[in-house]
Amino acid sequence: MENLSTLLGKYGDEGDKLLFKILNSGNFLEEIQNSEFKVQSSKLKIQNTEQIESGSAEVIPGCNDRLLDFRAMTPMIAEKGLRYDLTVPFARFVVQRQNELYFPFKRYQIQPVWRADRPQKGRYREFFQCDVDVIGSNSLLNEVELVQIIDEVFTCLGIRVTIHLNNRKILAGIAEAIGLPDKLTDITVAMDKLDKIGLEKVQEELAGRGIGREEIERLTPILTLEGENDEKFGILTNFLSGSETGLKGLEEMRTVLMHLKELGLNNRFNFDTSLARGLSYYTGTIFEVKAVGVTMGSICGGGRYDNLTGIFGLPGMSGVGISFGADRIYDIMNELNLFPETLKAATRVLFINFGNEEEKYCLKVLTVIRKAGIPAELYPDPVKIKKQMEYANRKNIPFVVLIGNDEMKSGLLTLKDMHSGEQEKLTLGEIIRKIDN
RNA sequence: GUGGAUGUAGCUCAGCAGGUUAGAGCGUCAGAUUGUGGAUCUGAAGGCCGUGGGUUCGAGCCCCAUCUUCCACCCCA
C-alpha cells in the first residue's frame, strides 16, 4: 500500500483512474456529512449541472438542492492506494534510503500489484510482477544486461519470445519532426496499435486524435518502416535530422543493438518504432517482450526513466528496469504445456500404512530414506491398500514400499515399481540405491 | 469508463412453446477383490437451478432488480 500522493500522476490520466483507492479507516463519512462538500445549489448552480453531467458530482437523494463533489471528497476518504507497479514505490524507496545505498544500485523484487480495471483474459485485478532495476547509472550497458536477463529467463522457461526495443527519444523526435511535439502521446498510442489494427486504421485513429492530414502523410513512411535495422537507421537519421532529441535516441538505440548483436542471444530482438508503452515516466530505451505463437499481450516490459526519483526530491538519478508479468507467463506455460512432469510428482516413494506396529517401523525407515535425500511419505491412515495404491497412482509417485509382518521380521522390504508393476524384496540400502537413480 | 454474455450436482455441461419427482458424462464413496493402483461391472450419496422481487393455476425456463464470473473495446502486464 502506498500514499496516493506517491502514486498519482506517475502513470498518466488513465493510470490515475486505474489506481485502487483504499478507504480510510474510521468514521470518515460523518465528517463528510457536515462538511463543505455538501453545497447549496443556488451558489453553484452552473457548475453543478456541469459536474453532474460529467459524473464528478451527484445529487443527494431526497436533498434536491444539495450535492456531493466526489473529486473534492476523494482525498478526504481515501489517502492510500494499492501499488500499481513496483517501479514507482522502488523510486520512493531509493530516495528515502539514498544515504544507505551504494550506487549503481541493483535490485529484484517479486510482489503483487493491482489495477482497478475490468478483468479479462490475461488481465487481472491483482497480479504478480517480477521487477529488475538498476538505478544510479546512465550507462547503456545496463540496458544490454537487462536484455540478457530477459533472454536467459525465457530460455530457461522454454518460451520462445521476441524482444522489441525502441527509445522514447526517437518517438519524441518523430513528433517533433512533423511539428507536433505536443501530440506525442496521441501519436504513440495510435502507432502502438499498428500490428494489431493495420496502417489504415492507425491513420484513421490519428485523424480522430486531431492530427492533420498532412502530418499523417509525413508520418506514414515511419509507420510503414520495415526491413533490416540498418535501413531503419538510415531512414530515421534523415527523418530526425532536425531533432536533437531524436538523433540522441537513435544513437542510444544503435549502441544497444550493436552490443546485443555480438552477444548471440537465443531469442530474437527487434528495433520496433511502433513500440510505445503507456507508462509516462519512461525517457529512453523501452522494452517489450512477446511470446511467439500465442495470443497474449506483452509478458515483460520496461525502460529507462531519467527523473523518477526527482519527483520525490532526488534529481539526476537515472534508472532502467524491466518487469516480468508472472501470471501471464504462467498462463502461457500452461497453454504450451511447458511445466515439466516431474513437478507433479514431488514424492519419489510412498510407504503403505498397515497399522500401528507397521507405522512405527515405517517412520524409522522414512527418516533414513529422507536423510538419503529421497522425498518420501507414509500414508497417514491405515486404510485399504487399494486406496493407498490408488493415491500413489494418482499422484504419479513412482515407487511404493510395503512393510507388513513378513517384511518387519525378515528386514527385506517389498518395493513396487508403479510403472512396470513389478515388485521385489530388497534391503533398505538396495531400495535407496534403486530409487535414487 | 463503453458494449456483450454468463450463473443448474465437486467439475464440464444438457434441459421440453412455462407442465408432475431437474438429467448426463467425469469425479467422489461403497461393493465385486478383507496385503496391491491404472481396466471393467454393480450400487449409492450429492441440487433453496446465483440472490431478491414480479407475472402465472403452475417458473430452472418469461419480466425487473441485484450480485458473481467471463469476453470485447478503451487502456495495458
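Residues numbered from 1 in each chain as written. Chains lettered and ligands numbered in written order. Predicted model: local features only at pLDDT ≥ 70, side-chain atom pairs only at ≥ 80, totals over all residues. Heavy atoms only, no water.

Around RNA strand B, the structure places 38 residues, and the nearest of them are R123, K193, S298, K384 and K387. Among atoms of RNA strand B positioned within 4 Å of the protein, sugar and phosphate together represent 48%. Within the side chain of R118, one N or O atom sits 2.7 Å away from a base oxygen of RNA strand B. Within the side chain of R277, one N or O atom sits 2.6 Å away from a phosphate oxygen of RNA strand B. Sorting the residues of the surface near RNA strand B by element identifies strand 8 (126–135), helix 16 (385–394), helix 17 (405–410) and strand 17 (413–417) as the ones contributing at least two each. If one sorts the elements of the surface near RNA strand B by residue count, helix 16 sits on top with seven residues. Among the residues forming the surface near RNA strand B, the class breakdown is nine nonpolar, eleven polar and 18 charged. (Near = heavy atom within 4 Å. Polar contact = N/O pair within 3.5 Å; in protein donor to acceptor, adjacent residues only side chain to side chain. Helix = DSSP H or I, 4+ residues; strand = E, 2+ residues; numbered from the N terminus. Nonpolar A, V, L, I, M, F, W, Y, C, P; charged D, E, K, R; others polar.)

One finds F154, L206, I299 and F324 to be the most contacted residues of the largest nonpolar core, which totals 81 residues. Both of domain 1 (2–80) and domain 2 (84–335) provide at least three residues apiece to this core. Those residues in contact with F324 that lie beyond four places of it in its chain are F128, Q129, C130, V132, I149, I150, V153, F154, I299, C300 and I329. Counting 18 residues, the second-largest nonpolar core is a separate cluster that includes F351, I403, L415 and I432. (Core = buried A, V, L, I, M, F, W, Y, C linked by side-chain atoms within 4.5 Å. Buried < 20%, exposed > 50% of the residue type's maximum accessible area, 1.4 Å probe, protein only. Domains from an automatic or database assignment. Contact = heavy atoms within 4.5 Å.)

With that out of the way, let us pick up helix 6 (residues 87–96). Counting buried positions along helix 6 gives seven out of ten residues, so the element sits mostly inside the fold. Where helix 6 is concerned, the buried positions are T87, V88, P89, F90, A91, V94 and V95. Looking at the buried residues of helix 6, the elements they touch are strand 1 (2–3), helix 1 (4–7), strand 7 (105–114), strand 8 and strand 12 (300–305).

With that settled, consider the pattern of salt bridges. The tally for this structure, following the rule as stated, stands at 19 salt bridges. With its nearest N and O atoms 3.6 Å apart, the salt bridge here joins E100 to R97. For D133, the salt bridge is made with R107, and the minimal N-O distance between the two is 2.9 Å. You can see D133 sitting in strand 8 and its partner R107 sitting in strand 7, a full 26 residues away along the chain. Take D133: its relative accessible area is 1%, and that puts it in the buried class. (Salt bridge = Lys/Arg side-chain N within 4 Å of Asp/Glu carboxyl O.)

Attention now moves to the packing of helix 15 (residues 356–371) against helix 18 (residues 428–436). Running from amino to carboxyl end, helix 15 crosses helix 18 at an angle of 45°, the nearest separation of the two axes being 11 Å. Between helix 15 and helix 18, the angle is such that the two are oblique. Between helix 15 and helix 18 lies a crossing whose hand is right-handed. On helix 18, the residues touching V365, V368 and I369 of helix 15 are L428, I431, I432 and I435. A class-by-class count of the residues in the contact of helix 15 with helix 18 yields seven nonpolar, no polar and no charged. (Axes fitted to C-alpha atoms, helices over the stretch in contact; angles between N-to-C directions. Parallel < 35°, antiparallel > 145°, perpendicular 65-115°, else oblique. Left-handed = near helix turned anticlockwise from the far one by under 90°.)

Taken in spatial order, the seven strands line up as 7-8-13-12-11-9-10 in an open sheet, and their pairing is mixed. The open sheet has two edge strands with one neighbour each: strand 7 and strand 10 (268–271). Each strand axis lies, on average, 15° off the axis of its neighbour in the sheet, ignoring direction. Pairing of strand 9 (residues 161–167) with strand 11 (residues 285–291), which is carried by seven bridges, proceeds in the antiparallel orientation. Counterpart to V161 in the pairing with strand 11 is A291. Contacting strand 9, strand 10 and strand 11, helix 13 (residues 244–263) crosses the sheet at an angle of about 150° to strand 9. (Pairing = 2+ DSSP bridges.)

Structural measurements only, silent on function.
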